[in-house]
Amino acid sequence: MLRQIEGSRAVAEAVALCRPRVVSAYPISPQTHIIEGVGSLVKSGRLKPCEFINVESEFAAMSVSIGAAATGARAYTATSGPGLLDMAEAVFNASGLGLPIVMTVANRAVGAPINIGNDHSDAMALRDSGWIQLFAETNQHAVDLHIQAFRLAERLSVPVMVCMDGFILTHSVERVEIPTQEQVDRYLRPFAPQQVLDPAAPVSIGAMVGPEAFTEVRYLAHARLLEALVCIPELAAEFERVVGRPSGGLVSAYRSEDAETIVVALGSVVGTVKDVVDQMREEGLKIGVVAVTTFRPFPEQALGQALEGAHRVVVIEKAFAVGGRGVLGAQVDALVSDRGTKTYTVVAGLGGRSIPEASLRRVLGEAIRGELGAMSFLDLDRVVVDRELARMAEDPRRAPSTARVPRDVRENAARIV
Amino acid sequence: MSEHPFAITLDAGSSRDNRTGSWRVERPIYVDRMPPCNDACPAGENIQRWLYHAEAGAYEAAWRGLVEDNPLPAICGRVCFHPCEAACNRGKVDEAVGIRAVERFLGDAAIAHGWRLPERAPATGRRVLVVGSGPSGLSAAYHLARAGHEVVVREAAPRPGGMLRYGIPKYRLPREVIDAEISAIEDLGVEIRCDAGVADIASAMAEGAFDAAYLVLGAQLSHRVQVPAADSARLLDALAFLAGTEAAEPVAIGRRVVVYGGGDTAMDAARSAKRLGATDAVIVYRRNRRKMPAHADLVEEALAEGVTVRWMSTISRVEKDKVLVEKMELDSAGFPQPTGEFTNLDADCVILALGQDADLAPLAALEGVEVRDGLVVVDAQMMTGHSGVFAGGDMVPAERTVTVAVGHGKRAARNIDRWLRGETGGPPPRHELASIETLNTWYYADAGRTVQPELEAQRRQTGFEEVVGGLDEPNALFEARRCLSCGNCFECDNCYGVCPDNAVSKLGPGERYVFDYDYCKGCGICVAECPCGAIVMVPELI
Amino acid sequence: MTEQTSSYCQVGSFAVGNRLVDPHLRTVQSDRLRPNALTSGHRACQGCGEALGARFVLDAAMAATDRQLIVVNATGCLEVFSTPYPETAWQVAWMHSLFGNTAAVATGVAAALKVRGDTATRVIAQAGDGGTVDIGFGCLSGMFERNDDVLFVCYDNQAYMNTGVQRSASTPAAARTATTEARGREPGNAFGQGKNLPALAVAHEIPYVATASVAYLHDLEAKVGRAMELHGARYLHVLVPCPLGWGAASRDTIRLARLACETGLFPLFEAAHGEILSATPIRHREPVEAYLRPQRRFAHLFADPPRTDDIARIQAIADRNIGRFDLLGERAGKGSR
Ligand SMILES: Cc1cc2nc3c(=O)[nH]c(=O)nc-3n(C[C@H](O)[C@H](O)[C@H](O)COP(=O)(O)OP(=O)(O)OC[C@H]3O[C@@H](n4cnc5c(N)ncnc54)[C@H](O)[C@@H]3O)c2cc1C
Ligand SMILES: Cc1ncc(C[n+]2csc(CCOP(=O)(O)OP(=O)(O)O)c2C)c(N)n1
Ligand code: SF4
Ligand code: SF4
Ligand code: SF4
Ligand code: SF4
Ligand SMILES: [Mg+2]
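What counts and how
Residues numbered from 1 in each chain as written. Chains lettered and ligands numbered in written order. Predicted model: local features only at pLDDT ≥ 70, side-chain atom pairs only at ≥ 80, totals over all residues. Heavy atoms only, no water. Helix = DSSP H or I, 4+ residues; strand = E, 2+ residues; numbered from the N terminus. Buried < 20%, exposed > 50% of the residue type's maximum accessible area, 1.4 Å probe, protein only. Contact = heavy atoms within 4.5 Å. Areas by Shrake-Rupley, 256 points an atom, 1.4 Å probe, with all protein chains shown as cover. Lys, Arg positive; Asp, Glu negative; His and termini not counted. Charge placed at Lys NZ, Arg CZ, Asp CG, Glu CD. Pairing = 2+ DSSP bridges. Axes fitted to C-alpha atoms, helices over the stretch in contact; angles between N-to-C directions. Donors = N, O, S within 2.8 Å, 3.2 Å for Na, K, Ca; no water. 1 Å grid on protein atoms, 1.4 Å probe; cavity = no way out; pocket = protein on both sides within 12 Å on 5 of 7 lines; lining within 4 Å. Points joined across faces, edges and corners; volume = space filled by probe spheres on them. Domains from an automatic or database assignment. Buried area = accessible area lost by both parts, 1.4 Å probe. Salt bridge = Lys/Arg side-chain N within 4 Å of Asp/Glu carboxyl O. Phe/Tyr/Trp six-rings, centres within 6.5 Å; stacked < 30°, edge-to-face > 60°. Near = heavy atom within 4 Å. Polar contact = N/O pair within 3.5 Å; in protein donor to acceptor, adjacent residues only side chain to side chain. Nonpolar A, V, L, I, M, F, W, Y, C, P; charged D, E, K, R; others polar.

Asker: Describe in detail the overall build of chain B, supporting the description with residues and values.
Answerer: What chain B contains, in helices and strands, is 18 helices and 22 strands. The principal-axis extents of the C-alpha atoms in chain B amount to approximately 110 × 55 × 50 Å. By the burial criterion, 57% of the 542 residues in chain B qualify as buried. Pairs at least 24 residues apart make up 71% of the contacts formed inside chain B by residues separated by at least 6 positions. Looking at chain B as shown, the accessible area adds up to about 21,800 Å², and 51% of this sits on carbon and sulfur atoms. Charge centroids of chain B, computed over 57 positive and 76 negative side chains, lie 3 Å from each other.

Asker: An account of the sheet that holds strand S2 (residues 93–96) of chain C is needed here, citing residue identities and associated values.
Answerer: The strand order across the open sheet formed by ten strands is S1(B)-S9(A)-S2(C)-S1(C)-S3(C)-S4(C)-S6(C)-S5(C)-S7(C)-S8(C), and the pairing between neighbours is mixed. Unpaired on one side and paired on the other, strand S1 (9–11) of chain B together with strand S8 (275–279) of chain C mark the two borders of the sheet. Neighbouring strand axes in the sheet, compared pairwise and without regard to direction, differ in orientation by 20° on average. As defined by bridge partners, strand S7 (residues 269–272) of chain C adjoins S8(C) across four bridges and the pair is classed as antiparallel. Within S8(C), the position partnered with C:Phe269 by the bridge is C:Ala279.

Asker: So what's going on with the coordination of the magnesium ion (ligand 7)? Residues and values would help.
Answerer: All names here are of chain C. The coordination sphere of the magnesium ion (ligand 7) contains the protein donors Asp-129 (OD), Asn-157 (OD1) and Ala-159 (O), at a distance range of 1.9 to 2.1 Å. One chain supplies every donor for the magnesium ion (ligand 7), spaced along it as D-x27-N-x1-A. Assigned by exposure class, Asn-157 and Ala-159 land together as buried.

Asker: Provide a residue-level description of empty space enclosed by the protein, including the pertinent values.
Answerer: Rolled over the atoms, a probe with the dimensions of a water molecule shows which regions are left empty. All names here are of chain B. Applying the stated criterion across every chain, the model contains nine cavities of 30 Å³ or more. The volume enclosed by the largest cavity comes to roughly 160 Å³. Arg-78, Arg-100, Arg-172, Glu-301 and Val-468 are, among the 16 residues lining the largest cavity, the residues nearest its centre. Breaking the lining of the largest cavity down by element, the ones donating at least two residues are helix H4 (73–79), helix H6 (99–113) and helix H13 (296–304).

Asker: Lay out the domain arrangement of chain B with the relevant residues and their values.
Answerer: Residues and elements named next belong to chain B. Per the domain assignment, the segments of chain B are domain 1 (15–32 + 489–539), domain 2 (127–221 + 357–420) and domain 3 (224–354). Here the C-alpha centre of domain 3 lies 31 Å away from the C-alpha centre of domain 2. Roughly 960 Å² is buried in total at the junction of domain 2 and domain 3, and carbon and sulfur atoms are behind 51% of that figure. It is Tyr-166, Tyr-171 and Arg-172 that lose the most area in domain 2 upon contact with domain 3, and together they represent 53% of the buried surface on that side.

Asker: Account for the interface of chain B and chain C, naming residues and giving values.
Answerer: How big an interface is tends to be expressed through the accessible area that disappears when the partners come together. Counting from both sides, the interface comprises 53 residues of chain B and, opposite them, 56 residues of chain C. Taken over both partners, the interface formed by chain B and chain C buries close to 4,800 Å², and the fraction arising from carbon and sulfur atoms is 54%. Here chain B is connected to chain C by three salt bridges. A salt bridge links B:Glu55 to C:Arg19, with the nearest nitrogen and oxygen atoms 2.9 Å apart.

Asker: So what about the packing of aromatic side chains? Which residues, and what values?
Answerer: The way to describe two aromatic rings as a pair is by their centre distance and the angle between their planes. Within this structure, the stated rule accounts for 23 aromatic pairs over all chains. With centroids separated by 5.1 Å and ring planes inclined at 75°, the aromatic side chains of B:Tyr59 and B:Phe105 adopt a geometry described as edge-to-face. Taken together, the residues span a long stretch of sequence, with B:Tyr59 in helix H3 (residues 59–67) and B:Phe105 in helix H6 at a distance of 46 residues. Aromatic pair B:Trp442 and C:Tyr216: ring centres 5.3 Å apart, planes at 85°, arrangement edge-to-face. With B:Trp442 in the loop between helix H14 (402–421) and helix H15 (457–462) and C:Tyr216 in the loop between strand S5 (208–213) and helix H8 (217–229), this pair bridges two chains. Of the residues examined, B:Trp442 reaches a relative accessible area of 8% and is grouped as buried.

Asker: Account for the sheet that holds strand S12 (residues 313–318) of chain B, with residues named and values stated.
Answerer: All names here are of chain B. A sheet is described by the order of its strands in space; here three strands give the open sequence S12-S13-S14, paired in antiparallel fashion. The sheet terminates laterally at S12 and strand S14 (336–346), the two strands that pair on one side only. Here the average twist between neighbouring strands, direction ignored, is 30°.

Asker: Kindly report on helix H1 (residues 7–17) of chain A, identifying the contributing residues and their values.
Answerer: An α-helix turns once per 3.6 residues; consequently, residues spaced three or four apart project the same way. Buried residues dominate H1(A), accounting for ten of its eleven residues. Looking one or two residues beyond H1(A), the residue adopting positive phi is A:Arg19, at roughly 50°.

Asker: I'd like a rundown of the environment of B:Phe342, residues and numbers included.
Answerer: All names here are of chain B. Along the chain, Phe-342 turns up in strand S14. As for Phe-342 and Gln-220, which are separated by 122 residues in sequence, their C-alpha atoms are 33 Å apart. For Phe-342, the contacting residues outside a window of four places in its chain are Ser-316, Leu-324, Val-325 and Glu-326.

Asker: Run through the site of ligand 1, naming residues and quoting values.
Answerer: Residue and element names in this part refer to chain B. In the vicinity of ligand 1 lie 33 residues, with Val-79, Glu-155, Arg-172, Asp-394 and Val-402 positioned nearest. At a separation of 3.5 Å, an oxygen atom of ligand 1 approaches a polar backbone atom of Pro-135. Asp-394 is positioned with one of its side-chain polar atoms (N or O) 2.6 Å from an oxygen atom of ligand 1. Protein chains bury 94% of the 990 Å² of accessible surface belonging to ligand 1 in isolation. Of all elements in the fold, only helix H7 (135–146), helix H11 (238–245), helix H12 (264–275) and H14 reach the threshold of two or more residues within the shell around ligand 1. Of the residues assigned to the shell around ligand 1, the class counts are 15 nonpolar, twelve polar and six charged. In terms of domain composition, the shell around ligand 1 takes at least three residues from each of domain 2 (127–221 + 357–420) and domain 3 (224–354).

Asker: Tell me about the pattern of salt bridges, residues and numbers included.
Answerer: With the rule as written, the count across this model stands at 78 salt bridges over all chains. Across the pair A:Glu182 and A:Arg186 runs a salt bridge whose closest N-O atoms are separated by 3.0 Å. Highlighted residues: A:Glu182 and A:Arg186, both in helix H8 (residues 181–187), separated by four residues, approximately one helical turn. A:Glu182 gets classed as partly exposed once you look at its relative accessible area, which sits at 49%. C:Glu270 serves as the salt-bridge partner of C:Arg226, at 2.4 Å between the closest nitrogen and oxygen. In this pair, C:Arg226 sits in helix H8 while C:Glu270 sits in strand S7, placing the two residues 44 residues apart along the sequence. When its relative accessible area of 31% is taken as the criterion, C:Arg226 is described as partly exposed. Residue class for C:Glu270 comes out buried when judged on its relative accessible area of 5%. What you see here is one network of salt bridges that share partners, running through B:Arg271, B:Arg275, B:Glu301, B:Glu305, B:Glu454 and B:Arg460.

Next up, the structure:
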């Protein structure tokens with residue numbers, strides 16, 4: 001059914017269609033509307049049977065999900081930014097135990113400074129937690145990914161994080177096609193856990209493993225995640241058969257076949273980039289965009305193929321490794337640089353800052369002209385930054401390195417900006 | 001191969017592959033220790049064991065355990081001075097277990113139910129002469145008969161029982177009880193010939209073709225001290241007086257009776273005198289109460305019945321109706337010394353209870369028998385210097401009590417049996433003592449000792465009815481259950497329950513437990529928490 | 001008298017079993033076929049009270065639930081010694097997630113069972129004192145507050161044993177740990193600190209709160225039994241001496257657990273919906289010294305010169321408990337429960 005609906009509500013509807021049995025969550029913007037939505041569906045009796053548990057922290061929310069999943073219940077939770085970090089220990093635990101939990105991350109910046117706006121630092125902080133990470137481009141995409149996420153999680157016994165940009169997607173009202181219950185039921189069978197706490201067949205889940213087997217356990221987790229690279233396209237294809245709409249997959253390319261310049265991005269910014277690509281194509285520039293839908297496991301092959309033939313790749317990232325480089329950018333660079341493809345990382349949209357088309361067009365133009373630095377920050381206020389760097393250089397409390405460090409910073413800053 | 005995710009999920013109970021027993025430097029082992037009561041029982045009863053049965057209400061099994069060692073539980077259950085109770089560990093917790101009372105309960109139950117003593121072993125064809133049918137003779141006859149020997153008991157008196165019948169008054173030991181326990185022994189095929197005194201042991205043995213003899217003549221002669229007395233004075237000998245109370249026509253004693261002496265006999269004489277109509281029964285004794293040889297319970301009971309005692313006094317002279325008493329004082333060494341202070345005491349009659357001696361004349365012709373201080377010397381096997389002739393009870397140097405006599409009888413019988421079979425070697429070594437330190441008494445529920453009912457004061461002055469009553473069944477059960485089972489597993493399951501490593505297996509009722517040394521880490525908790533001290537740690541042999 | 005006679009059984013109510021009492025009055029531990037939720041081959045230290053306590057509690061719970069039980073376990077000694085790959089000592093459906101989230105994981109388990117309509121299977125969460133009073137308290141308090149259908153059991157050995165005996169908020173005053181050394185003017189753990197979790201649990205007004213000790217098995221099993229009869233959030237705080245951390249002889253584990261109660265330092269009580277219902281009376285009162293002396297963690301109190309002041313302060317704590325819980329039965333009439 002096509003509905004004009006807020007992203008969060010749409011996701012709540014989609015989640016409910018997946019018949020989760022235990023939902024626990026702790027409120028945090030911009031995730032709130034999602035769990036309010038699911039909560040209301042449970043309260044009203046539309047989603048049943050389902051236990052909706054108001055917990056005291058995100059750490060508890062993930063922990064409740066762990067317990068529920070280990071007992072054979074389909075478990076769901078949602079969080080954002082600091083909430084994801086609050087549950088970090090349990091996030092690793094869920095994947096380590098191979099529990100097929102599905103979690104929405106309404107992506108939000110992490111502080112300090114506290115900031116409720118969107119970026120990807122939360123998801124990126126936990127990119128190596130052993131979860132599958134899917135990034136939604138639109139609310140329709142988010143709805144579809146959630147349905148696929150349950151299927152994927154349970155097929156592989158691996159937890160799946162569906163990332164959708166906070167506010168940009170969660171709070172925007174768009175037309176979304178919500179699949180029917182019948183469709184979802186056909187696509188997603190009841191949860192058949194691969195291991196379960198059962199008094200009739202007791203096992204011990206969560207053993208302590210020492211160096212003698214830890215590497216093997218990790219290797220196996222890795223192998224399982226890589227298996228998702230095969231699974232995801234299959235499940236996307238099946239989704240299309242059942243629901244009648246292509247959605248999901250590893251990467252999705254737009255006008256990139258003959259592109260010399262390809263933009264790579266995660267999440268909702270892809271939409272903006274597509275508009276910019278259209279404009280620039282009209283100007284005759286051979287430019288396209290590839291959205292990375294599946295960020296973990298990292299779809300090296302699919303992405304490598306999608307970037308084949310590009311002269312340059314510009315990665316637009318809503319997070320970066322502070323003191324290092326871009327996260328996605330570094331991975332793309334590793335993938336294509338030996339083909340002679342030049343890569344640029346543009347850090348953009350931090351803490352909810354908007355990514356204007358004009359700015360994008362500007363940096364893409366710079367990239368095409370070879371004027372762009374390897375790593376740059378979109379719309380950085382140089383005046384402010386330089387003033388502060390200067391003040392730091394003067395600060396007597398920073399002696400004896402006063403003379404050197406600020407200069408390094410400045411030089412670096414000059415190099416990377 | 002497990003069907004679960006590798007390493008993260010494990011199959012239940014798989015730790016049993018890990019034999020933690022290798023950690024151990026000490027191992028626990030189960031032991032049986034000697035309970036102090038058993039250790040102290042002169043008859044060598046396995047008290048803890050028969051109480052164990054009684055605790056479960058298995059009274060016949062308890063009685064059977066008891067008569068393994070002592071065929072006279074109804075008798076000993078009344079008159080034994082219960083050294084077991086003095087030794088009982090429970091006495092250090094609250095009050096000693098009323099062992100004697102339970103013993104009596106079992107003995108009485110056996111009489112009431114007609115339980116029969118165990119069958120005799122097949123006949124050996126050997127003949128043993130027992131001279132004297134006191135407790136020691138009865139005990140020996142019983143054990144010898146059980147061993148399959150032919151036993152003839154010869155008794156000088158008209159009825160069997162020795163001092164049980166002719167010494168201990170019936171208000172403490174009803175005659176039906178004596179008769180019942182003796183006839184149970186007779187039922188085993190033991191022949192008791194009364195009015196059949198033996199004047200010469202050697203010839204009696206030869207005449208009857210006996211292979212061995214056990215002499216238990218007792219101490220029948222009242223000890224004589226020179227007490228100056230007027231011709232008209234009425235002096236009685238305690239043994240004769242007490243024996244006389246058995247007769248149809250008791251001896252006349254008058255209203256004011258003085259008993260001279262401080263032993264059990266003196267107490268019984270004074271108490272019997274009261275029952276025979278004496279208004280005053282005064283015991284004159286030359287030392288103080290603490291030094292008195294009579295057993296405390298008997299003194300207590302005598303005083304309760306109105307018997308009075310002149311402590312620190314000797315009789316200097318006996319007149320027709322009074323005695324002259326001299327006050328004594330203890331010297332620095334604790335011996336009584338005359339003070340020269342005299343008082344008169346009215347007395348219609350004086351009963352002398354100054355001890356008993358053995359009449360050893362019948363042994364005169366036996367070669368090799370050694371006599372010292374009027375008593376027959378025996379070795380550890382109870383044998384006199386004359387091979388094949390054993391002796392015990394009051395005529396050998398030992399404490400003079402019924403139970404000691406019973407114990408001698410048992411020991412002699414077992415040694416006679418061995419001697420007849422030509423066996424050497426003694427009984428197995430005794431277990432280490434289960435002292436209170438080896439117990440963990442916290443586990444035992446608090447429970448005061450049950451009190452036996454006593455005859456009301458009035459009836460104790462007028463007749464020979466039994467003074468102390470027996471326990472009824474619930475009380476006997478309760479009392480038995482007060483036993484701590486010192487040094488012997490009573491299946492409390494503590495070791496089974498407290499082992500952090502489940503290294504104790506429980507084998508089921510009566511089967512006790514075993515350690516599983518594959519897993520026992522040797523922590524010692526089972527040892528510390530065994531209430532009765534039946535487990536010890538021993539170093540692991542590496 | 002007759003009644004006393006028939007019920008009195010030597011060690012009837014204190015030892016593990018007793019051949020003389022009705023089988024149904026004996027402890028679960030006395031049963032030859034007891035579940036042994038924690039079986040042999042685990043790697044706990046010799047004489048570990050926590051290993052013992054866990055088996056006591058879980059066996060009783062399994063007996064009470066016809067073995068329909070799921071257990072969630074926090075990180076700590078109990079978890080480490082029971083489930084080092086490739087072997088587990090558990091014979092019950094068991095799961096370990098993290099150190100601090102046990103109550104929440106158990107909530108999830110309970111929710112999964114509830115939503116499935118499985119009313120037979122019951123859930124126990126268990127943790128050491130650290131996993132309960134410190135890092136696990138947030139999740140625990142949440143579980144309490146929501147009245148989730150979980151029995152949470154704390155095995156209190158009064159420090160972080162698994163990491164090498166560091167102080168927890170359950171470490172008693174004056175105790176030496178690796179982070180409260182017996183040095184300086186106030187050696188050992190400071191007085192006036194710490195968290196009384198049973199009291200906090202009572203303050204949550206949950207359906208059931210009790211304290212227990214491995215030295216009082218009947219009491220402990222009865223409490224587990226009562227807890228399993230109820231639904232909603234329940235809390236059981238079990239004292240489990242740790243020979244290693246307390247510096248005590250391995251054989252003294254139960255003895256110390258007993259002395260802790262008999263001195264009044266560890267009161268045994270039951271509460272429901274915020275009200276204290278009863279306390280287990282002390283049978284043979286002991287001075288705190290009897291409890292402190294055998295433990296090396298308190299050795300500095302008995303050095304030369306002895307810390308009589310500190311011993312007196314500890315005695316005052318015990319006296320206060322005795323008064324507060326009427327442990328000598330003075331208010332209630334002796335022996336009443
Ligand atoms: C008044 C009194 C009260 C006592 N109270 C107690 C008490 O309460 N508790 C206790 O434990 N002890 C008590 N005793 C002591 C106890 O009775 C004796 O220690 C015990 O009876 C000794 O047993 P025995 O078999 O050695 O000798 P006895 O019981 O004296 O039996 C010896 C038997 O041998 C017979 N006999 C002797 N010579 C011959 C012979 N030549 N031929 C054939 N038969 C012979 C005697 O007639 C007698 O029957 C008491 C003693 C007396 C006198
Ligand atoms: C989040 C986290 N912090 C710290 C630890 C380290 N740690 C593991 S067990 C433990 C101590 C456990 O103490 P307690 O809960 O009292 O159990 P015990 O080992 O004493 O039985 C600690 C500190 C951890 N595993 N996880
Ligand atoms: S408590 Fe029992 S076993 Fe121990 S000494 Fe007393 S009667 Fe004998
Ligand atoms: S602890 Fe109990 S069951 Fe074990 S040996 Fe001792 S008495 Fe017997
Ligand atoms: S309690 Fe268990 S481990 Fe400890 S010594 Fe006894 S049997 Fe061995
Ligand atoms: S350190 Fe303490 S709690 Fe841990 S296993 Fe050893 S005894 Fe048990
Ligand atoms: Mg601890």
